[in-house]
Amino acid sequence: MSVTPTKPDGDLVQLEIRGRSTEANRRAASGDPRPVQHILDRFPSGGRGRPWVDVPDEDWNDWRWQQRNRVTTLEELEKVIDLTEEERNAFEESHARFHMAITPYYASLMDPEDPNCPIRLQSVPKMGELLVLPTDLEDPLAEERDMPVPGITHRYPDRVLFYITHNCPVYCRHCTRKRKVSDPSSAAAKKQIEDGLAYIEAHPEIRDVVISGGDPLSLSDERLDYILGRLRAIPHIEIFRLGTRNLVTLPQRITDDFVYMLRKHHPVYVNTHFNHPKELTEEAFEACRKLADAGCVLGNQMVLLKGVNDDPKIVKELNHKLLMARVRPYYIYQCDLSQGISHFRTSVEKGLEIIEALRGHTSGLAVPHYVIDAPGGGGKIPMLPSYVVRRDGKQIVLRNYQFKEFVYEEP
Ligand code: SF4
């Protein structure tokens, strides 16, 4: 079998492998489907929750079936978990302002008997959501203020945030964009996307586009292909970043066809949002593998959440598993000041304690940036434990992760 690089066909650069069918080429394009077994052993399958044990694999592995069969009512939820009185009341009180939706896959990760299960805390309403503190803000990051046209936040000169949908497979209870996510009346219309593309086209200083939402992977491959193609045709655009939680909540969405489409638009960065090691299942690993094999650069943006991951041991385990799945831990976000998420907020001290427990105690690759996205649109501000003990003229006294002191002499 010989491999011949061919001229681009249209805008698609591919390798033609003689003797292989198009389908085989397509599968090859998304990588060798056999992961290394000793790695895969650490990623148990997510399994099936009570209502779905008899669903055929063909349906279960189909992302559209997962979307169609999301758990959205109290009656459906009761079939999956043993609901507490608090969860029942919280659903009834909160449903009108922020819908509940959970894919069967993600719902299957919930512990039916434990109301403090980290997956359950992220997806089933709690009474804390009804509490709005005087310090809470509707739009804490001032994303709407820096919006020159609907659907584009342009705060830094060289990059923009482009919202292309307000739907997500699972509506995370800690979502910072509760003000518009899950509300179908606020969905980005076709015209809004066209206006956003026109804005990016007209601003040559923009080189980096963060495509977000909601979850952009809620759109079809064809629609995404169109938007990415339009962006790629703009000469000043260098990179895209896709912000998606589908790898966590609906890994079946990462199909061979999807990654085959993405390869046309490289360089593509994918930032995802794993918050707990339990979310790194065999299915999630496979989604990461397909994207990484297709040449995407993967990063994780964890949100620090009380009761879910406010423990250095959990974060270390999460980050080690992410690295095995070829996802670089990129950020830990301090939970921001959005309304209805104060029950998830930890102290900043807790975040610093986590960084202190990682830095030096594990590979630097497993140590993300801990940041506060400053209220009012100040941007991400890094938070670090202090490693400078004192300055003495040209001498800087530093301490390492074991609290041993060392002197660095400046020239
Ligand atoms: S996937 Fe992201 S945008 Fe959607 S609900 Fe979760 S946190 Fe919000």
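Structure: above.
In every chain, residue numbers begin from 1 and rise along the written sequence. Under the rules for a predicted model, residues below a pLDDT of 70 receive no local features and side-chain atom pairs below 80 are neither given nor counted, while totals for whole chains, interfaces and linings still include all residues. Hydrogen atoms and water are omitted, and side-chain values are computed over all heavy atoms in the structure.

1. Quick word on the pairing of strand 13 (residues 395-399)
Okay, so step 1: With four bridges joining them, strand 12 (residues 388-392) and strand 13 adopt antiparallel strand pairing. Note on strand 13: the bridge partner recorded for Asp 392 is Gln 395.
Okay, so step 2: The hairpin formed by strand 12 and strand 13 contains two residues between the paired strands, and Gly 393 there has a positive phi angle of roughly 60°.
Okay, so step 3: Pairing between strands is defined by DSSP: at least two bridges between them are needed. The way it works is that DSSP assigns letters per residue, a run of H or I at least four long becomes a helix, a run of E at least two long becomes a strand, and they are numbered from the N terminus. Sheet topology note: the strand 13/strand 14 (residues 405-409) ladder contains five bridges and is antiparallel.

2. Digging into the site of the ligand
Okay, so step 1: Around the ligand, the neighbouring residues are Cys 168, Val 170, Tyr 171, Cys 172, Cys 175, Val 181, Gly 214 and Arg 245.
Okay, so step 2: Residues were grouped as follows: Ala, Val, Leu, Ile, Met, Phe, Trp, Tyr, Cys and Pro as nonpolar; Asp, Glu, Lys and Arg as charged; and all remaining residues, including Gly, as polar. Here the shell around the ligand is built from residues that sort into six nonpolar, one polar and one charged. Proximity criterion: a residue is near a molecule or strand once any of its heavy atoms comes within 4 Å of it.

3. Points about the packing of aromatic side chains
Okay, so step 1: By convention, a stacked pair of Phe, Tyr or Trp rings (six-membered ring in the case of Trp) has centres within 6.5 Å and planes under 30 degrees apart, an edge-to-face pair has planes over 60 apart, and any other such pair is tilted. Tallied over the full model, the rule gives six aromatic pairs.
Okay, so step 2: With a centroid separation of 5.9 Å and 50° between ring planes, the pair formed by Trp 60 and Trp 65 is classed as tilted.
Okay, so step 3: Exposure categories follow from relative accessible area, calculated using a 1.4 Å probe and restricted to protein chains: below 20% of the type maximum is buried, above 50% is exposed, and the middle band is partly exposed. Relative accessible area serves as the criterion here: at 10%, Trp 65 is assigned to the buried category.
Okay, so step 4: Through pairs of rings, three or more aromatic residues link up here, namely Trp 52, Trp 60 and Trp 65.
Okay, so step 5: The aromatic ring of Trp 63 is capped on one face by Arg 253, whose charged end is 4.1 Å from the ring centroid. Each ring is checked for a lysine NZ or an arginine CZ that lies within 6 Å of its centre and within 35 degrees of its normal; such an atom marks a charge sitting over the ring.

4. Observations concerning the layout of surface pockets
Okay, so step 1: Cavity means a closed set of points on a 1 Å grid over the protein atoms alone, one where a 1.4 Å probe fits but cannot get out, pocket means an open set with protein on both sides within 12 Å along at least 5 of 7 lines, and lining means a residue has an atom within 4 Å of a point. Grid points are joined across faces, edges and corners, and a volume is the space filled by probe spheres set on the points. Volume-wise, the largest pocket comes out at about 1200 Å³.
Okay, so step 2: Along its surface, the largest pocket is lined by 42 residues, and Leu 161, Arg 177, Ser 212, Gln 301 and Tyr 333 are the ones closest to its centre.
Okay, so step 3: Of the residues in the lining of the largest pocket, the class split is 18 nonpolar, 14 polar and ten charged.

5. Remarks on helix 10 (residues 221-232)
Okay, so step 1: Counted at 1.5 Å a residue, the expected span for helix 10 with its twelve residues is 16 Å, and the 16 Å between its end C-alpha atoms agrees.
Okay, so step 2: For helix 10, the full list of buried residues reads Asp 221, Leu 224, Ile 227, Leu 228 and Leu 231. Taken around the axis of helix 10, the buried residues stretch over an arc of 130°, which confines them to a single face. The span one expects for a helix is its residue count, reduced by one, times 1.5 Å. When we speak of the arc, we mean the arc of directions from the helix axis to the C-beta atoms.

6. Quick word on the side chain of Asn 275
Okay, so step 1: Summarising the element assignment, Asn 275 is placed in the loop between strand 7 (268-272) and helix 13 (282-293).
Okay, so step 2: The exposure class of Asn 275 is buried, given its relative accessible area of 0%.
Okay, so step 3: Among the polar contacts listed, one links the side chain of Asn 275 to the side chain of His 273, at a separation of 3.0 Å.
Okay, so step 4: Residue contacts are counted whenever heavy atoms from the two residues lie within 4.5 Å of one another. Asn 275 has contacts with Gln 122, His 174, Arg 245, Met 302, Val 303, Leu 305, Val 308, Asn 309 and Leu 318, leaving out every residue within four places of it along the chain. The definition of a polar contact used here is a pair of N or O atoms within 3.5 Å, where within protein one atom must be able to donate a hydrogen and the other to accept one, and adjacent residues in sequence count solely through side-chain atom pairs.

7. Here's the deal with the packing of helix 14 (residues 312-324) against helix 15 (residues 348-358)
Okay, so step 1: To define axes, lines are fitted to C-alpha atoms, for helices over the stretch in contact only, and angles between the resulting N-to-C directions are given on a 0 to 180 degree scale. Contact geometry of helix 14 with helix 15 gives a least axis separation of 9 Å together with a crossing angle of 55°. Considered as vectors, helix 14 and helix 15 are oriented oblique to each other. The two elements helix 14 and helix 15 meet at a crossing, and its hand is right-handed. Contacts between helix 14 and helix 15 pair Pro 312, Val 315, Lys 316 and Asn 319 from the former with Glu 353, Ile 354, Ala 357 and Leu 358 from the latter.
Okay, so step 2: In terms of residue class, the contact of helix 14 with helix 15 is made up of five nonpolar, one polar and two charged. Each angle receives one of four descriptions, namely roughly parallel if under 35 degrees, roughly antiparallel if over 145, roughly perpendicular if within 65 to 115, and oblique otherwise. Handedness of a crossing is defined here by the sense of rotation of the near helix relative to the far one, left-handed for an anticlockwise turn of less than a right angle and right-handed for a clockwise turn.

8. What about the nonpolar core?
Okay, so step 1: Within the largest apolar cluster, 80 residues are counted, with the highest numbers of intra-cluster contacts made by Ile 102, Phe 162, Ile 200, Leu 231 and Leu 291.
Okay, so step 2: Of all the elements, helix 13 adds the most residues to this core, at six residues.
Okay, so step 3: Here this core spans two domains, since at least three of its residues come from each of domain 2 (40-126) and domain 3 (152-382).
Okay, so step 4: Aside from chain neighbours lying at most four places away, what touches Ile 102 is Arg 70, Val 71, Leu 77, Ala 107, Met 110, Ser 123, Val 124, Pro 169 and Val 170.
Okay, so step 5: In this structure, Val 303, Tyr 333, Ile 341 and Phe 344 belong to the second largest nonpolar core, which totals ten residues. For our purposes a nonpolar core is just a set of buried Ala, Val, Leu, Ile, Met, Phe, Trp, Tyr and Cys residues, chained together by side-chain atoms within 4.5 Å. What counts as a domain boundary in this text is fixed by an automatic or database domain assignment.

9. A word on the pairing of strand 10 (residues 369-374)
Okay, so step 1: Relative to strand 10, strand 9 (residues 328-333) runs parallel, the two sharing three bridges. In the strand pairing of strand 10, Ile 332 is matched with Tyr 370.
Okay, so step 2: After leaving strand 9, the chain enters helix 15 and then returns to the sheet as strand 10, a path that is right-handed.
Okay, so step 3: In terms of strand pairing, strand 10 meets strand 11 (residues 379-382) through four bridges, oriented antiparallel. Paired with Ile 372 across the strands is Ile 381, a residue of strand 11.
Okay, so step 4: Here strand 10 hands over to strand 11 after four residues, with Gly 376 in that stretch at a positive phi of 85°. A clockwise path from the first strand over the helix to the second, with the strands pointing away from the viewer, defines a right-handed crossover.

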